[in-house]
Amino acid sequence: MFEHRYGMKLKNTTVDAMVLKLLRKQFPTLSLSELRAKVQAHDYVFLSDMEKYNGQRRMAKLLREFDKAGIETELFEESRYTPAPWQTEPISREYFKNILQRGREITRQVLEDIEYETVGCISPDAKTGIDTELRKKDEGDSSGV
């Protein structure tokens, strides 16, 4: 089986209060010592497969939070054919931004296709509904990545 995910690490392995505050906000169930250990070990602070749905969107939100705080990050893409080990490659912010944009475009196309199949056209109300739906999903994810 093919598996694929995106990950984020912090460039600096020194843990300060701001880093712990942001990580604790995102992962309230992990202890501060667990969070500190992840950063100090230069381990992933987030993997997109940690979320059943919208892992990439949540990663984009966390990335934006780190950017606001001036904390440098590194992005990675991993893939494997189970049970082989993960193959890891660094990715650019532009590449990650394109992944998010492609997801939005696919979602838009699916919603439009549903309208065409059920109604036969996309009415102005349906277009507004699709735009609203996409805006809800994007809420804050598109800026700053």
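If you're wondering where the values come from, they're calculated on a predicted model, not measured in any experiment. (Residues numbered from 1 in each chain as written. Predicted model: local features only at pLDDT ≥ 70, side-chain atom pairs only at ≥ 80, totals over all residues. Heavy atoms only, no water.)

Q: Describe the pattern of salt bridges, naming the residues involved and giving the relevant values.
A: Counted by the stated rule, this structure contains eight salt bridges. Across the salt bridge formed by Glu3 and Arg80, the nearest N and O atoms sit 2.6 Å from each other. A residue pair is termed long-range when its members are at least 10 positions apart, and Glu3 in strand S1 (residues 2-10) and Arg80 in strand S3 (residues 73-81) qualify at 77 residues. Judged by its relative accessible area of 22%, Glu3 is partly exposed. The residue Asp49 makes a salt bridge to Arg5 at a minimum N-O spacing of 3.2 Å. Taken together, the residues Asp49 in the loop between strand S2 (46-47) and helix H3 (55-68) and Arg5 in strand S1 connect sequence positions 44 residues apart. Given a relative accessible area of 41%, Asp49 falls into the partly exposed group. (Salt bridge = Lys/Arg side-chain N within 4 Å of Asp/Glu carboxyl O. Helix = DSSP H or I, 4+ residues; strand = E, 2+ residues; numbered from the N terminus. Buried < 20%, exposed > 50% of the residue type's maximum accessible area, 1.4 Å probe, protein only.)

Q: Give me the lowdown on the packing of aromatic side chains, citing residues and values where you can.
A: Scanning the entire structure with this criterion turns up four aromatic pairs. Across the ring face of Tyr44, the terminal group of Lys9 is positioned such that the distance to the ring centre comes to 4.8 Å. Positioned above the aromatic ring of Phe76, the side-chain terminus of Lys9 is 5.1 Å from the ring centre. (Phe/Tyr/Trp six-rings, centres within 6.5 Å; stacked < 30°, edge-to-face > 60°. Lys NZ or Arg CZ within 6 Å of the ring centre and 35° of its normal.)

Q: Report on a nonpolar patch on the surface, specifying residues and quantitative values.
A: On the surface, a nonpolar cluster with roughly 260 Å² of combined accessible area is contributed by Ile106, Val110 and Ile114. Along the polypeptide, Ile114 turns up in helix H4 (residues 93-118). Judged by its relative accessible area of 43%, Ile114 is partly exposed. (Patch = residues over 30% accessible without salt bridge, like charges linked within 9 Å, V, L, I, M, F, W, Y side chains within 5 Å. Areas by Shrake-Rupley, 256 points an atom, 1.4 Å probe, with all protein chains shown as cover.)

Q: So what about the pairing of S1? Which residues, and what values?
A: With nine bridges connecting them, S1 and S3 associate as antiparallel partners. Paired with Glu3 across the two strands is Arg80, which belongs to S3. With two bridges joining them, S1 and S2 adopt antiparallel strand pairing. Bridging across to S2, Met8 finds its partner in Phe46. (Pairing = 2+ DSSP bridges.)

Q: Let's hear about the packing of H3 against H4: which residues, and what values?
A: Running from N to C, H3 and H4 point in directions that differ by 140°, and their axes come no closer than 11 Å. It follows that H3 is oblique to H4 by the angle criterion. Every pair of crossing elements has a handedness; the one defined by H3 and H4 is left-handed. Contacts between H3 and H4 involve Gln56, Arg57, Met59, Ala60, Leu63 and Asp67 from the first element and Arg93, Phe96, Ile99, Leu100 and Arg104 from the second. For the contact of H3 with H4, the residue count by class is six nonpolar, one polar and four charged. (Axes fitted to C-alpha atoms, helices over the stretch in contact; angles between N-to-C directions. Parallel < 35°, antiparallel > 145°, perpendicular 65-115°, else oblique. Left-handed = near helix turned anticlockwise from the far one by under 90°. Contact = heavy atoms within 4.5 Å. Nonpolar A, V, L, I, M, F, W, Y, C, P; charged D, E, K, R; others polar.)

Treat this as a map of the structure, not an account of what it does.
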